[in-house]
Amino acid sequence: MDAVRRAARPSRRGVLRAGGGAALAAVAGTAVTGCGAGTDDGVAADGTVTVEMWHGQADTAKKALEGLVADFERSHPKIRVKLGGGVLSDVMLQKVTAALAAGSYPDIAYIFGSDLARVARSPQVVDLTGMVASGPVPWQNYWAASRDAVTLNGKVRAAPAVLDSLAVVCNRKLFREAGLPLPKAGWSWQDFVSCARTLTRSGRGRFGTGWPGTGDEDTVWRLWPLIWDLGGDVVDDGGKNIGFADTGARALEVVADLARDESVYIDPKPGSEQMYQVFQSGRMGMVVTGPWQLPDIETAGIDYHVVPLPSFSGRPVTISGPDTWTMFDNGDARTEAARTFLNWLARPEQDVRWDIEAGSLPLSRRTEALPAWQDKVARTEGLSVFTKALETARVRPVHPAYPEVSQALGQAVVAVLLGRSTPEKALRACADDANAALLIPR
C-alpha cells in the first residue's frame, strides 16, 4: 500500500481506556438535553444541512477523507460535512463521552469496535438497522466481521468504517539464513514456536518474533484466535462467566513457550512501535500484524512473505478488529443528512478509494471485486492473504464488559510473557477478575 503510512491510522488497535467507560455509564443513565450544538439544528436559511464528523484520522487517512468529503459535497450541494473533533482515534472515546455528558456531540464519530457497546448505551446513538437494510450494498454482502462488529442485541448500532485481519509476516532473508523453509497455510502453533526458536540469535540481538507487553488491547487481541481455535470464546453462553476458562491456559502455553525460549521480543510501550521497528530493522524473523503495517515494511526494504495465522486444528482462523462510524441524534435534518453521507461512503466506488488510500480492507465483497482493488492486490505482496482471511475472521463480542475481560486477560498475558506466572495461575487470576466484571448489571 505504497501511499499509506502507519501514522495514517495511529495506534488503531488502541489501548484500554480506563475511566472512559465509567463516565459513559453515568451518561447512559442520565437524560441528556440539547441537540449537539445546542439550538443549532444545522439547517441554514437556504436549506443546506451541516453534518459534524469527528473523524480521528491523521496524515494520509485524513487527506483521503477530505477528498471523499469534497466529492460528496459536489454531488450533494445541500449537505456540508464539517470534519473536526480535534483528537486522534485513540482518545475519541473520552472526547465523545465528555460531549454526551455536556449535551454537545457530533453527528458522526469514529469509534473503536471494542468501545461500541459502551457508547451504544447512550440514547443519543442512532439505530442504523433500517439504514443498512435499504443501503446501496446488500447487508449480507458485507464481510461477516464488518456486520458482527456493529451489531448489538440484533440491532445495527453503527456503520462499518475500517476492516482488517491478522496474519504473520516473515523476513525471507532471516529464514534463508536459518535454513528454514517459509511457512505455508495450515501450519501449527508448534511450528510457529519452533521457527521462532530457530530464528533467534540472542548474541546478535535477533528475535524469532514479538508480542506487545503492556497488557493493553494490542496485547490481548492476538490471543483470541488461539482461544477460538481451541473451542473457547470471550464470554460463555450464559453471559455470566468467561468462555475460555479451559482453553485460555492452553493458548497461554504458546506465549509461555516463546518466553521460555527467549525467542520473543516483548514491547514495553503501547502501540507496538518498538516491536515493528525491530522487525523493520531486520532483527525479527516473524511478526503477527495486519495489512496496515505493509507500507512501512515495504519502505524499510524488507523482503517479506505473508502467511495465515497458525492454528491447533489445521483450520483457518484469525481475528478482525473493525472500527465504526457511529451516528448521534441531533435532530431529523442532521440525522438524515448523516445517513445520506454514510450510505454514499459505503458504496464500493467510495469504499475502494478509502481502502487503498487509508489502509483498510474492503468492507464488502462488491468492493473486493472492483478492478481497482484487484490491481492493488496484484501490486502488493501478501495483501491477498489478509483479504482471504476475512472469509473465516471472527470479531470480539460487542459486549459492555469486554474492556474488563480484556484487561484481566492482558494482565495474564504479560505475567506469562515476563515469566512471573504459569499459564494456569495467570488464567485463574484472569477468570476471577473477568467473571466479577461480567456479574455487574449493565
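Shown above is the structure to which this text applies.
Quantities reported herein were computed from a predicted structural model and do not represent experimental measurements.

(A) Up close: the pattern of salt bridges. Taken as a whole and assessed by the stated rule, the structure comprises 18 salt bridges. For Arg260, the salt bridge goes to Asp257, with nearest N and O atoms at 2.7 Å. Here Arg260 pairs with Asp257, and both are found in helix 11 (residues 247-260), just three residues apart, close to one helical turn. Residue Glu336 is joined to Arg339 by a salt bridge in which the shortest nitrogen-to-oxygen separation is 3.8 Å. Of this pair, Glu336 and Arg339 both sit in helix 14 (residues 332-346), three residues apart, which is roughly one turn of the helix. Its relative accessible area of 45% is what places Glu336 among the partly exposed residues. Judged by relative accessible area, which is 25%, Arg339 ranks as partly exposed.

(B) View of the sheet that holds strand 2 (residues 79-84). In space, the five strands of this open sheet follow the order 2-1-3-15-6, with mixed pairing throughout. Looking at the sheet topology across the chains shown, the edges are occupied by strand 2 and strand 6 (159-162). When the angles between neighbouring strand axes are averaged without regard to direction, this sheet yields 30°. Bridge count for strand 1 (residues 49-54) against strand 3 (residues 108-112) is two bridges, and the pairing is parallel. Bridge pairing in strand 3 links Trp54 to Ala109. On top of the sheet, helix 2 (residues 59-75) reaches strand 1, strand 2 and strand 15 (323-327); it is set at about 165° to strand 2, its chief contact.

(C) Representation of helix 19 (residues 402-417) in the model. The end-to-end C-alpha distance of helix 19 is 22 Å, a good match for the 22 Å that 16 residues give at a rise of 1.5 Å each. Burial of helix 19 is extensive: 13 of the 16 residues sit out of reach of the surface. Just beyond helix 19, the residue with positive phi is Gly419, at close to 75°.

Cut-offs used in this document
- Residues numbered from 1 in each chain as written.
- Predicted model: local features only at pLDDT ≥ 70, side-chain atom pairs only at ≥ 80, totals over all residues.
- Heavy atoms only, no water.
- Salt bridge = Lys/Arg side-chain N within 4 Å of Asp/Glu carboxyl O.
- Helix = DSSP H or I, 4+ residues; strand = E, 2+ residues; numbered from the N terminus.
- Buried < 20%, exposed > 50% of the residue type's maximum accessible area, 1.4 Å probe, protein only.
- Pairing = 2+ DSSP bridges.
- Axes fitted to C-alpha atoms, helices over the stretch in contact; angles between N-to-C directions.
- Contact = heavy atoms within 4.5 Å.
- Expected span 1.5 Å × (residues − 1).

The quantities given are spatial measurements derived from coordinates; they are silent on function.
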